[in-house]
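# Coordinate analysis (summary)
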Amino acid sequence: MAEMCDRIKYLEQKMKTFKTLIQSLSTYLEGTAVNPINAKLRLSNLSALFQDYFEQFEELSALDPENPLVPEFETTETSYYDVATRATEIQPREQLPPLANSTLNASMTDRHYYPKLPAVEIPTFDGDPKEWIAFKNKFVALIHSRADYSNLIKHSRLEQALKGEAKLKLKIFTPSEENYPKAWQTLLDAYDSKLVLITKHLDEFYDLPFVDPKNVASSLSSLVDLTKQHLFMLERLDVVIGEEAVVRYLERRLPKFINSKWQETLNMNRYPTLQEFYDFSANTIFRLRSIERDAGESDNRKRASDGAQQQVSKRSKSARSFVTSASRATESAKSPFANKAPSYSSTAADKRPSCPGCKGSHRLFRCPEFLKLDPIKRFEFAKSKSICRNCLWNHQSPCPNSGRCKICNKPHHTLLHFEDKEGANSGKDEQSTSKTA
């Protein structure tokens, strides 16, 4: 630790010296007796130190990212280029060296090969065995394999990347040139066991959850993503599971109504590939999410329209009441059958549909409260209210709507689709026997 502190102090001193030299040249150029040769020599010395300053900045940002000199790099860099430009402009044109050989251009070329990286983002590791391979590969690529980083810098970045159990394993090592190889080997001994890693990924693969029939899109997407992750990591460990076994395992994780759709896509003369299962899953997820999105957008537009209509209705309620009363009085005086005719509180054009769930002025399939229920509870509600399970409205049998469920193509509304214990949707039997009013 003392060695690292001494190194940080050294870097701070060097970087401060470079800033002082920039200010010194800037002050000289602002004077009244500026000698072009003197300015050229000062700039040459400053340009030679610029690459050293950049390397010092990179090392300091690795050892001490919170150091106050780290965020000053961009300002210092800008000041350097400003003062270099001013010193170059006062040089006689015929004395300027060719651009390809100039000190300033050389420093800018070097800058091209050493891009500014204020903070290298490295992964973190808390001791979870299944995360080890990904962490090791990234850390080796970003830090461990870099020849321009000293072991002290590598040890410091390793400590910053570790958390929890993994960090405790390196408590015995003080960051130093000599201790970094020992610390890295300690992690390899603890986590780089092929047997442990293979067992961990196999167990998690074979414990993948079944697809939730009530939330097919999200749970199917999770199943596919986790499968790809575990198979990829096992392949990195030289373990390959046959595609046929993987496909059979995954299709048994599907609910029956989705599995039946999958079976319809199969060729009876060959076994399906894993990519075909992935493609089927992607299409299914897209279709289900499109249905959910369209239903949500339609409901939002309807709510906005209903809100505007309610405002208009409140303002014109008194006027409509007066006109309706006057119209009834006139018709009663003219017609001899007025006393026998049925009376209505308003015209059919003024009457909007009433939701059987919340009594709002919208259809049941647009009702926010109804949409919050799961498919089973929606079905039970429709049945209790003698509502047609195909179009979700009250009418005399048979249903005039020819629409079908967009998931299983059975004669019930898509919002009522669910899988019962037998693997079929209960709505298909109820629809054919229920009497709707």
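Attention in this report is confined to the structure presented alongside it. Worth saying up front: this structure is predicted, and the values here are computed from it rather than measured.

So, on to the pattern of salt bridges. Working definition: two side chains of opposite charge can pair if their charged atoms are close together. Taken as a whole and assessed by the stated rule, the structure comprises 10 salt bridges. With a closest N to O distance of 3.2 Å, K136 and D192 form a salt bridge. Taken as a pair, K136 in helix α5 (residues 129–144) and D192 in the loop between α8 (179–191) and α9 (194–206) lie far apart in primary sequence, 56 residues in all. On the basis of relative accessibility, which here comes to 32%, the residue D192 falls in the partly exposed class.

This part covers the packing of aromatic side chains. Counted by the stated rule, this structure contains 25 aromatic pairs. Pairwise contacts between aromatic rings join F18, F50, Y53, F54, F57, F73, Y80 and Y81 into one cluster. Geometry around Y149 places R146 over its ring, the cationic atom sitting 4.1 Å from the centre. The ring of F210 carries R253 above its face, with NZ or CZ at 4.3 Å from the centroid.

One broad rule of soluble globular proteins: the nonpolar side chains tend to lie buried together. Counting residues in hydrophobic clusters, the biggest one holds 80 residues, and the most contacted among them are W132, F135, F139, L158, L162, W184 and L187. The element best represented in this core is helix α2 (residues 36–63), accounting for 10 residues. Discounting residues that sit within four places of it in the chain, L158 has contacts with F135, F139, L170, Y180, A183, W184 and L187.

Here we take up the packing of helix α1 (residues 2–29) against α2. Their axes nearest at 9 Å, the elements α1 and α2 cross at an angle of 150°. Here α2 runs roughly antiparallel to α1, going by the angle between their axes. The way α1 lies across α2 gives a crossing that is left-handed. When grouped by side-chain class, the residues that make up the contact of α1 with α2 number 19 nonpolar, three polar and four charged.

This next bit is on the environment of S24. Among the structural elements, S24 can be located in helix α1. A residue is classified by how much of its surface remains accessible, and S24, at 35% relative accessible area, is partly exposed. Remark: the alpha-carbon pair of S24 and V83, spanning 59 residues in sequence, is separated by 10.0 Å.

Our focus in this paragraph is the side chain of T284. Along the chain, T284 turns up in helix α13 (residues 274–334). For T284, a relative accessible area of 1% puts it in the buried group. For T284, the side chain forms a polar contact with the main-chain oxygen of F280, separated by 2.9 Å. Residues in contact with T284, not counting those within four places in the same chain, are L220 and I258.

Take α1 next. Spanning 28 residues, α1 covers 41 Å between terminal C-alpha atoms, matching the ideal 40 Å at 1.5 Å per step. Every buried residue of α1 is accounted for by M4, I8, L11, M15, F18, I22, L25, S26, Y28 and L29. Among the structural elements, α2, α3 (73–89) and α6 (151–161) are those in contact with the buried residues of α1.

With that settled, the discussion passes to the environment of Q275. For Q275, the location among the structural elements is in helix α13. Of the residues examined, Q275 reaches a relative accessible area of 45% and is grouped as partly exposed. C-alpha separation for the pair Q275 and V247, spaced 28 residues apart in sequence, amounts to 9.3 Å.

Moving on: the environment of C355. For C355, the location among the structural elements is in the loop between α13 and α14 (368–372). Overall, C355 belongs to the buried group, its relative accessible area being 1%. Sequence-wise, C355 and F370 are 15 residues apart; in three dimensions their C-alpha atoms are separated by 9.7 Å.

It is generally the case that most residues other than glycine have a negative phi and that most peptide bonds are trans. For K359, which is not a glycine, the phi torsion comes out positive at approximately 70°. Structurally, K359 can be placed in the loop between α13 and α14. Classification of K359 as exposed rests on a relative accessible area of 62%. At N409, a residue that is not glycine, the phi angle is positive and equals roughly 65°. Note on N409: relative accessible area 48%, which makes it partly exposed.

About the thresholds
- Residues numbered from 1 in each chain as written.
- Predicted model: local features only at pLDDT ≥ 70, side-chain atom pairs only at ≥ 80, totals over all residues.
- Heavy atoms only, no water.
- Salt bridge = Lys/Arg side-chain N within 4 Å of Asp/Glu carboxyl O.
- Helix = DSSP H or I, 4+ residues; strand = E, 2+ residues; numbered from the N terminus.
- Buried < 20%, exposed > 50% of the residue type's maximum accessible area, 1.4 Å probe, protein only.
- Phe/Tyr/Trp six-rings, centres within 6.5 Å; stacked < 30°, edge-to-face > 60°.
- Lys NZ or Arg CZ within 6 Å of the ring centre and 35° of its normal.
- Core = buried A, V, L, I, M, F, W, Y, C linked by side-chain atoms within 4.5 Å.
- Contact = heavy atoms within 4.5 Å.
- Axes fitted to C-alpha atoms, helices over the stretch in contact; angles between N-to-C directions.
- Parallel < 35°, antiparallel > 145°, perpendicular 65-115°, else oblique.
- Left-handed = near helix turned anticlockwise from the far one by under 90°.
- Nonpolar A, V, L, I, M, F, W, Y, C, P; charged D, E, K, R; others polar.
- Polar contact = N/O pair within 3.5 Å; in protein donor to acceptor, adjacent residues only side chain to side chain.
- Expected span 1.5 Å × (residues − 1).

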